[in-house]
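# Examination of the molecular architecture
The residues making up each chain are set out below.
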Amino acid sequence: MPKPFAIVADLRTGSTLLATSLDEHPQIRCYGELFHSKELPDNRIEGFDRLGASAEAILERSMQARGVEACGFKAMIFLPLPSTTHWADAWSRIRELPELRVIWLTRRDRLAQYASAEVVRHTGVFHPHDNDRVYRPEHRPVIRIDPDEFRSWVRERDAQLRRRREMLHGVPALDLDYETLTGDWERSTACIQRFLEVDVEPLVQQKKKQERRPLADVIANYAELADRLRS
């Protein structure tokens, strides 16, 4: 049985970039969000009805990948949703995986994370393909951010992350942030591969950065917001 691992992350922290890139490694199988309530291209388990299965069955089946040394998935801190009651025990089942390892993926720049999530909400596009129209300047939205809503959002996300850390306390872990991952890709991915005990190989980034503008061009009230957040 391959060694299990989970990429525990929030929205817009680079989890899809990391998961899809790791999945290209010949000794790694990495799924997407196994406890997402919709069938997405990267969370399907071949020949298995994931949506109708229990959390225990999903994890057991996903870990049956053959020919690999490590098998993992994305565990988003806000999933499963309360509406998927048959997955209510998902995190306790994750905790019980023998020899589990956890990659904690966060983002230091919370304003950039929030702005990225807001842009996605406006465009409806999470992961555009290379030639997607969403990359064109004329299709990039300019947003306004309420400082109180942003602070409330940060508190909520931090509370969710604390709960997940408490649930997985004591599990072998590697902490990584989006800025380090994307800023020093080769070193970061080599560190992850050593943590997973697979051969270290160069990995090609399988996703591109969606938002390439500076925050001052993304957020219409950026100067005002920056002043409020400093106070």
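Scroll up to find the structure this text is about.
Residues numbered from 1 in each chain as written. Predicted model: local features only at pLDDT ≥ 70, side-chain atom pairs only at ≥ 80, totals over all residues. Heavy atoms only, no water.

## Considering the pattern of salt bridges
Side chains that carry opposite charge are capable of pairing whenever their charged atoms lie near each other. Counted by the stated rule, this structure contains 18 salt bridges. When the shortest N-O distance is used, the salt bridge between Glu197 and Arg101 registers 3.4 Å. Of this pair, Glu197 sits in the loop between α7 (185-195) and α8 (215-218) while Arg101 sits in strand β4 (residues 101-106), placing them 96 residues apart in sequence. The exposure class of Arg101 is buried, given its relative accessible area of 15%. (Salt bridge = Lys/Arg side-chain N within 4 Å of Asp/Glu carboxyl O. Helix = DSSP H or I, 4+ residues; strand = E, 2+ residues; numbered from the N terminus. Buried < 20%, exposed > 50% of the residue type's maximum accessible area, 1.4 Å probe, protein only.)

## A short note on unusual backbone geometry
Trans is the common state for peptide bonds, and a negative phi is the common state for residues other than glycine. Backbone torsion omega between Leu79 and Pro80 reads 5°, so that peptide bond is classified as cis. Looking at where Pro80 falls in the secondary structure, it is placed in the loop between β3 (70-76) and α3 (90-95). Of note, Glu197 is a non-glycine position whose phi angle comes to about 60°, a positive value.

## Side note on the layout of surface pockets
Rolled over the atoms, a probe as big as a water molecule pinpoints where empty space is left. Of the voids in this model, the second largest pocket is the one considered here, and its volume is about 180 Å³. Considering the residues around the second largest pocket, the lining is formed by Met1, Glu56, Leu59, Glu60, Met63, Arg93, Glu96, Leu97 and Pro98. Among the elements that make up the lining of the second largest pocket, the one with the highest residue count is helix α2 (residues 55-62) (three residues). Tallied by class, residues from the lining of the second largest pocket come to five nonpolar, no polar and four charged. (1 Å grid on protein atoms, 1.4 Å probe; cavity = no way out; pocket = protein on both sides within 12 Å on 5 of 7 lines; lining within 4 Å. Points joined across faces, edges and corners; volume = space filled by probe spheres on them. Nonpolar A, V, L, I, M, F, W, Y, C, P; charged D, E, K, R; others polar.)

## Notes on the packing of helix α4 (residues 110-123) against helix α5 (residues 147-167)
Two numbers describe how α4 lies on α5: the axes approach to 11 Å, and their chain directions differ by 100°. When the interaxial angle is binned, α4 and α5 end up roughly perpendicular. Residues Arg110, Leu111, Gln113 and Tyr114 of α4 lie in contact with α5, whose contacting residues are Glu149, Phe150, Trp153, Val154, Arg157 and Asp158. Residue composition of the contact of α4 with α5, by class: five nonpolar, one polar and four charged. (Axes fitted to C-alpha atoms, helices over the stretch in contact; angles between N-to-C directions. Parallel < 35°, antiparallel > 145°, perpendicular 65-115°, else oblique. Contact = heavy atoms within 4.5 Å.)

## Observations regarding empty space enclosed by the protein
All chains considered together, the criterion is met by one cavity of 30 Å³ or more. Volume-wise, the largest cavity comes out at about 40 Å³. As for the largest cavity, its lining consists of Glu33, Phe35, Lys74, Ala75, Met76, Leu79, Pro80, Trp91 and Ile94. When contributions to the lining of the largest cavity are tallied by element, the ones reaching two or more residues are β3 and α3. Top element by residues in the lining of the largest cavity is β3. It accounts for three residues.

## Observations regarding the nonpolar core
Grouped together as the largest cluster of nonpolar side chains are 28 residues, with contacts concentrated most on Val8, Phe35, Phe73, Ile94, Leu100 and Leu168. Looking at this core, the elements that each hand over two or more residues are β1 (3-9), α2, β3, α3 and β4. Excluding residues within four positions of it along the chain, Phe35 makes contact with Arg50, Ala55, Ile58, Leu59, Leu79, Pro80, Trp87, Ala90 and Ile94. Grouped together as the second largest cluster of nonpolar side chains are 23 residues, Phe5, Ala9, Leu79 and Leu174 included. (Core = buried A, V, L, I, M, F, W, Y, C linked by side-chain atoms within 4.5 Å.)

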